[in-house]
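Structural features, examined
Here are the chains, one letter per residue:
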Amino acid sequence: MTIDPLYLVQLTLNGLVLGLLYALIAVGLSLIFGVLEIINFAHGEFLMLGAYAMTFMLPVVGLLYAPALLAAVLITALGGFLLFELFLSRLGQHDFERSILITIGLSIMLLHGTQYLVSATPRLVDTELGFDGVAIGDIRITWTRLIGGGLALAAFASLYGLLTRTPFGRAMRAIAQNREAALMVGIKPRTVARNAVVLSTALCGLAGAALAPIQLVQPIMGQFLIFKAFALVIIGGLGNLPGAIAAAVALGLFESWIGGFFEIIWQEAAVFLLMILVLLVRPNGLFGRAIVRAG
Amino acid sequence: MAPVPDIVLALEGVSAGYGDVAVVHDFSAALARGSITTLIGGNGAGKSTLMRAIYGTCRCFAGHIRFDGTAIEAEPPWQRLARGVGLVPQGRCNFPRMSVLENLLMGCYTLPAARRAPAIDRVVGLFPLLAPRLKTTAGNLSGGEQQVLEMAMVLVTEPSLLLLDEPSLGLSPKTQAELFEVVRAIARTGVTILVVEQNVRGALLISDTAIVLDLGRKFLEGPARDVMVDPRIRQAYLGGTIGQQPAA
Ligand SMILES: Nc1ncnc2c1ncn2[C@@H]1O[C@H](COP(=O)(O)OP(=O)(O)O)[C@@H](O)[C@H]1O
Ligand SMILES: [Mg+2]
């Protein structure tokens, strides 16, 4: 088999963008785990929520990308707010089992509710940008992918600034590092937990909205991703945000390469096989466990 | 007429614990402004639980906790901190992946921005060993240094009531003596202190009052120098040296 270098670069670029968008999901999952000590199994449905919000907002705003994306992020953040206020805030500190049941239950309800409301048919989403793109020589990348990757990078930079420079973000790291010490210095755990959930779901909504014009939008899209994202969080080292980002980018690249050179049917199995191997070799993840480490 | 003592903290029939289980029962006491009180009791007697009840990090089932005359038992910890109640809990209680300076900044979490830098300067002056360590990651400090850092993190808010749960744990005898000196100096500035100490003798030496807790109930209360010579206390808590052990 000869490998066309152009094709490889093309796959790499696509994989990079996909990986950055996965990272948005994994980072949110990791943040919620750090602050609330739970795994939000409904996280994937927020990706779907963001994607459908984008799908339905685009025609409303005349296919304009930016306002539709902004609306989608806000709608998902509102969903996160409700998730916290209605469900997660009622969990006690050692309610891990209840948190699993609640978030899995919510995930299933949201998934089937959406199928009922909008049907399971995958949708192709069009924006003002269409399938235009930039071409450098024979390598071509669509604007929607380029913007998606750029938005993810901007989101990580803002998140880093938030977590290290603002009291809002420092409080999240503080709770993740030592809950009792957080109470000692006067932090309100409930407020910080709510902020973490809203922020994480907003990041997930951003990923969904950015993915909508790139991939098919369907109710099941979050389910495909949540277990991958969960694995990424563990591979990156539980609570280790840069680790989760690195693992997600690696996954995006790997998926893109596998998908480009082998039949698509192998893609999912290969991804999970690789992740299982990594975890067998490095049980604490590639980058070690950390407690919401920003840098 | 005898002067009315200025009571900062009054506990009236307090029962406190976790879940549905009370650990401390019907506990009453009053702390005068600027005094140092030692809470003595065996392992599991409920000393830490009582401290948490005063700060609001465990449940208070019955009774009143009055701080400066106001009942605070229903308030969350951050409101009590804003009133001037500070608790340095037992065990490791800092942010291990943040630098010492960041930890001190977290201590200032409830302070307005303008007050943070002077507050940090003040506590670093109080604990000079922190000065060369400001950039060190807290988790890399020695146990004693971390203990001092944790006290500093609470002192930045200038609490008027300071609750110290086993502050000298893990400190060398020399640093223990220094710590007791600092506690005494803080009390001289008018801060009221309630301390639980594994070094009972050292704590009694700087205390005005001692309260003995047994199985969650008050067993004895009196001036520290009287409690120190009480045969029951000597036997149970001060028999650290063989010479003082009663014949079996
Ligand atoms: N977080 C907790 N949840 C439930 N029970 C606790 C908790 N902390 C302490 N206890 C129980 O309360 C009792 C008193 O503990 P504590 O107040 O820590 O004692 P002391 O500080 O005097 O050693 C013990 O029986 C302990 O098992
Ligand atoms: Mg204790």
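Details of the structure are given in the entry above.
Residues numbered from 1 in each chain as written. Chains lettered and ligands numbered in written order. Predicted model: local features only at pLDDT ≥ 70, side-chain atom pairs only at ≥ 80, totals over all residues. Heavy atoms only, no water.

1. Regarding the overall build of chain B
For clarity, the threshold we go by: A run of H or I in DSSP counts as a helix once it spans at least four residues, and a run of E counts as a strand once it spans at least two, with each numbered from the N terminus. We take the radius of gyration over the C-alpha atoms and set the globule estimate at 2.2 Å times the residue count to the 0.38 power. Here the term buried applies to any residue with accessible area under 20% of the maximum for its type, exposed to any over 50%, and partly exposed to those in between, with areas from a 1.4 Å probe on protein chains only. Any two residues whose heavy atoms approach within 4.5 Å are treated as being in contact.
Tallying secondary structure elements over chain B gives nine helices and ten strands in all. Taking 248 residues into account, the globule formula puts the C-alpha radius of gyration at 18 Å, and chain B, at 18 Å, falls close to it. Each principal axis of the C-alpha distribution contributes one length, and for chain B these read about 50 × 45 × 45 Å. Going through the 248 residues of chain B one by one, you find that 50% of them count as buried. Partitioning the contacts of chain B with sequence separation of at least 6, the portion at a separation of at least 24 is 66%.

2. Things to note about the site of ligand 1
Residues and elements named next belong to chain B. Rules: For each residue, the test is whether any non-hydrogen atom lies within 4 Å of the molecule or strand; if one does, the residue is near. Residues adjacent in sequence count toward polar contacts only when both atoms are side-chain atoms; beyond that, a polar contact is any pair of N or O atoms within 3.5 Å, and within protein one must be able to donate a hydrogen and the other to accept it. Per-residue and other accessible areas follow the Shrake-Rupley method at a 1.4 Å probe size, with only the shown protein chains counted as cover for residues. Here the nonpolar group is Ala, Val, Leu, Ile, Met, Phe, Trp, Tyr, Cys and Pro; Asp, Glu, Lys and Arg are the charged ones; every other residue, Gly included, is treated as polar.
What surrounds ligand 1 is the set Tyr18, Val23, Gly42, Asn43, Gly44, Ala45, Gly46, Lys47, Ser48, Thr49 and Arg52. Between ligand 1 and Tyr18 there is a distance of 3.4 Å, counted from a nitrogen atom to a side-chain nitrogen or oxygen. In this structure, Ser48 approaches ligand 1 through a side-chain N or O atom, which is 2.8 Å from an oxygen atom. Protein chains bury 57% of the 560 Å² of accessible surface belonging to ligand 1 in isolation. Per-element tally for the shell around ligand 1: the top contributor is helix H1 (residues 47-55), with four residues. A breakdown of the residues in the shell around ligand 1 according to their chemical character gives three nonpolar, six polar and two charged.

3. A closer look at the pairing of strand S10 (residues 217-223) of chain B
All names here are of chain B. Counted only if it meets this: Strands were regarded as paired on the criterion that DSSP finds at least two bridges between them.
In terms of strand pairing, strand S9 (residues 209-214) meets S10 through six bridges, oriented antiparallel. Each residue of the ladder has a partner; that of Thr209, found in S10, is Pro223. Counted along the chain from S9 to the antiparallel partner S10, the turn is two residues long, and its residue Leu215 has a positive phi close to 50°.

4. Examining the coordination of the magnesium ion (ligand 2)
Note on metal geometry: ideal angles are 109.5 degrees for four donors arranged tetrahedrally and 90 or 180 degrees for six donors arranged octahedrally. Residues and elements named next belong to chain B. Filter applied, for reference: Metal donors were taken as nitrogen, oxygen and sulfur atoms no farther than 2.8 Å from the ion, or 3.2 Å where the ion is Na, K or Ca. Water is excluded, so coordination may look unfinished.
Coordination sphere of the magnesium ion (ligand 2), protein contribution only: Ser48 (OG) and Gln90 (OE1), at 2.0 to 2.1 Å. You can see Ser48 sitting in helix H1 and its partner Gln90 sitting in the loop between strand S6 (85-88) and helix H3 (100-107), a full 42 residues away along the chain. In this structure Ser48 comes out as buried when scored by relative accessible area, which is 13%.

5. Focus on helix H9 (residues 221-235) of chain A
Residues and elements named next belong to chain A. Put simply, the rule reads: The length a helix should cover is 1.5 Å for every residue beyond the first.
Spanning 15 residues, H9 covers 22 Å between terminal C-alpha atoms, matching the ideal 21 Å at 1.5 Å per step. Turning to H9, its buried residues number three or more, namely Met221, Gly222, Leu225, Ile226, Lys228, Ala229, Ala231, Leu232, Val233 and Ile235. Contacts made by the buried residues of H9 are with helix H1 (5-36), helix H2 (43-60), helix H8 (189-211), helix H10 (241-261) and helix H11 (267-281).

6. Describing a nonpolar patch on the surface
Rules: In this scheme, patches are assembled from residues that exceed 30% relative accessible area and form no salt bridge. Like charges are connected within 9 Å, while nonpolar side chains (Val, Leu, Ile, Met, Phe, Trp, Tyr) are connected within 5 Å. We define a salt bridge as a side-chain nitrogen of Lys or Arg found within 4 Å of a carboxyl oxygen belonging to Asp or Glu.
On the surface, Leu78, Phe81, Leu82, Leu86 and Phe87 of chain A cluster together into a nonpolar patch covering about 430 Å² of accessible area. Within the fold, Leu82 of chain A resides in helix H3 (residues 65-86).

7. Topic: the sheet that holds strand S2 (residues 21-32) of chain B
Residue and element names in this part refer to chain B. Across the sheet, four strands lie side by side as S2-S1-S4-S5; this open sheet has antiparallel pairing. Edge positions in the sheet fall to S2 and strand S5 (70-71), since each of these pairs with one other strand and no more. Where strand S4 (residues 59-67) and S5 come together, two bridges link them in antiparallel fashion. Counted as the bridge partner of Phe67 is Thr70 from S5.

8. Side note on the environment of Arg83 of chain B
Residue and element names in this part refer to chain B. Looking at the secondary structure, you find Arg83 in helix H2 (residues 77-83). Measuring from C-alpha to C-alpha, the distance between Arg83 and Thr192 comes to 13 Å, with 109 residues separating the pair along the chain. Among residues more than four places away in sequence, those in contact with Arg83 are Phe67, Thr70, Ile72, Glu75 and Ser160. Side-chain polar atoms of Arg83 contact the side chain of Glu75, separated by 2.6 Å.

9. Some words on the sheet that holds strand S8 (residues 192-196) of chain B
Residue and element names in this part refer to chain B. Formally: An axis is simply a line fitted to the C-alpha atoms; with a helix, the fit covers only the stretch in contact. Between two such axes, the angle follows the N-to-C directions and lies from 0 to 180 degrees.
Sheet architecture is open: six strands sit in the order S6-S7-S8-S3-S9-S10, paired in mixed fashion. Strands with a single pairing partner mark the edges of an open sheet, and in this sheet they are S6 and S10. Between one strand axis and the next, the sheet turns by 15° as a mean value, whatever way the strands run. H1 contacts strand S3 (36-40), S6, strand S7 (161-165), S8 and S9 of the sheet and is inclined by roughly 150° relative to S7.

10. Here we look at the pattern of salt bridges
Opposite charge on two side chains permits pairing when their charged atoms draw close. Residues and elements named next belong to chain B. Summed over the entire model, instances satisfying the criterion amount to 18 salt bridges over all chains. The partner of Arg33 in a salt bridge is Asp6, and the shortest N-O contact between them spans 2.5 Å. With Arg33 in the loop between S2 and S3 and Asp6 in the segment before strand S1 (7-18), the pair connects residues that are 27 residues apart, well separated along the chain. Here Arg33 falls in the partly exposed class, since its relative accessible area comes to 37%. The salt bridge involving Glu178 is made with Lys174; its shortest N-O contact spans 3.1 Å.

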